[in-house]
Amino acid sequence: MLIFKRISIGLALAATLFATTGCGSLATIGKLEDGAGAEASRMWDRWIEGNGDIAVATTWEAKVKPGLKASEVEEIFKLVAVERNMRDVGTLPLSKELEARSGKKEKLLTVYSFCSPATARKMVDFSPHMAAYLPCRISMVEHDDGSLWLYTLNMDMMVKMGRKLPSPLKEEAQAVRDTIWEMMQRGSKGEF
């Protein structure tokens, strides 16, 4: 009798867990953008390739073509921003700040910030948590071998993985994503 009671309790617990998590998951899946599962799978693969480093899974990177100067890449970022109607909202020269504090030469580390104010407002109205992703940033990082790399948030997470964005917000978010991607590509290749 005790075994039947334990089995009954186990089945009831399993049914409750499925009802509370399974049904919620199914309901949520129906609210996601088309292709959300494929994007989540790509992120999972990058997470595994990165040995569990969540930053690898959630970012894009591009190696800067050898011979390009940081100032040239920065100029390209600003050029693309103007072409695509994005605001340059600031530069954080972290390596220069560290050099000023220590008096020692530092490897380059600079964070560039860009924003489309109207799109940012709409994204935050859609989900206040999106404010944590503002503004869009691209970091230029000098590696130990002297090579320069660009890093930014994988913006496909925003456009492809979340709840379905209403139009025209979806198109505006895609345009911001495409602008950041273009900055990364053109900047890394030196395409003025």
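Residues numbered from 1 in each chain as written. Predicted model: local features only at pLDDT ≥ 70, side-chain atom pairs only at ≥ 80, totals over all residues. Heavy atoms only, no water.

**Re the layout of surface pockets**
Then, number 1: Its volume calculated, the largest pocket comes out at about 460 Å³.
Then, number 2: M130, Y133, L153, M155 and M158 are the residues nearest the centre of the largest pocket, which is lined by 23 residues in total.
Then, number 3: Every element with two or more residues in the lining of the largest pocket is listed here: α6 (117-126), β4 (136-142), β5 (148-153), α7 (156-161) and α8 (169-189).
Then, number 4: Looking at side-chain class alone, the lining of the largest pocket contains 17 nonpolar, five polar and one charged residues. (1 Å grid on protein atoms, 1.4 Å probe; cavity = no way out; pocket = protein on both sides within 12 Å on 5 of 7 lines; lining within 4 Å. Points joined across faces, edges and corners; volume = space filled by probe spheres on them. Helix = DSSP H or I, 4+ residues; strand = E, 2+ residues; numbered from the N terminus. Nonpolar A, V, L, I, M, F, W, Y, C, P; charged D, E, K, R; others polar.)

**Concerning helix α2 (residues 36-49)**
Then, number 1: Taking 1.5 Å of rise per residue, the 14 residues of α2 would be expected to cover 20 Å, and the 20 Å separating its terminal C-alpha atoms lies within 8% of that figure.
Then, number 2: All of the buried residues in α2 are A36, E39 and M43. The buried residues of α2 occupy one face: seen down the axis, they fall within an arc of 70 degrees. Away from its buried face, by an angle of more than 90 degrees, α2 presents the exposed residues G37, W44 and E49.
Then, number 3: Turning to α2, the residues buried within the fold contact α3 (54-57) and α7.
Then, number 4: Of the residues flanking the end of α2, it is N51, one or two places downstream, whose phi is positive at about 55 degrees. (Expected span 1.5 Å × (residues − 1). Buried < 20%, exposed > 50% of the residue type's maximum accessible area, 1.4 Å probe, protein only. Arc of directions from axis to C-beta. Contact = heavy atoms within 4.5 Å.)

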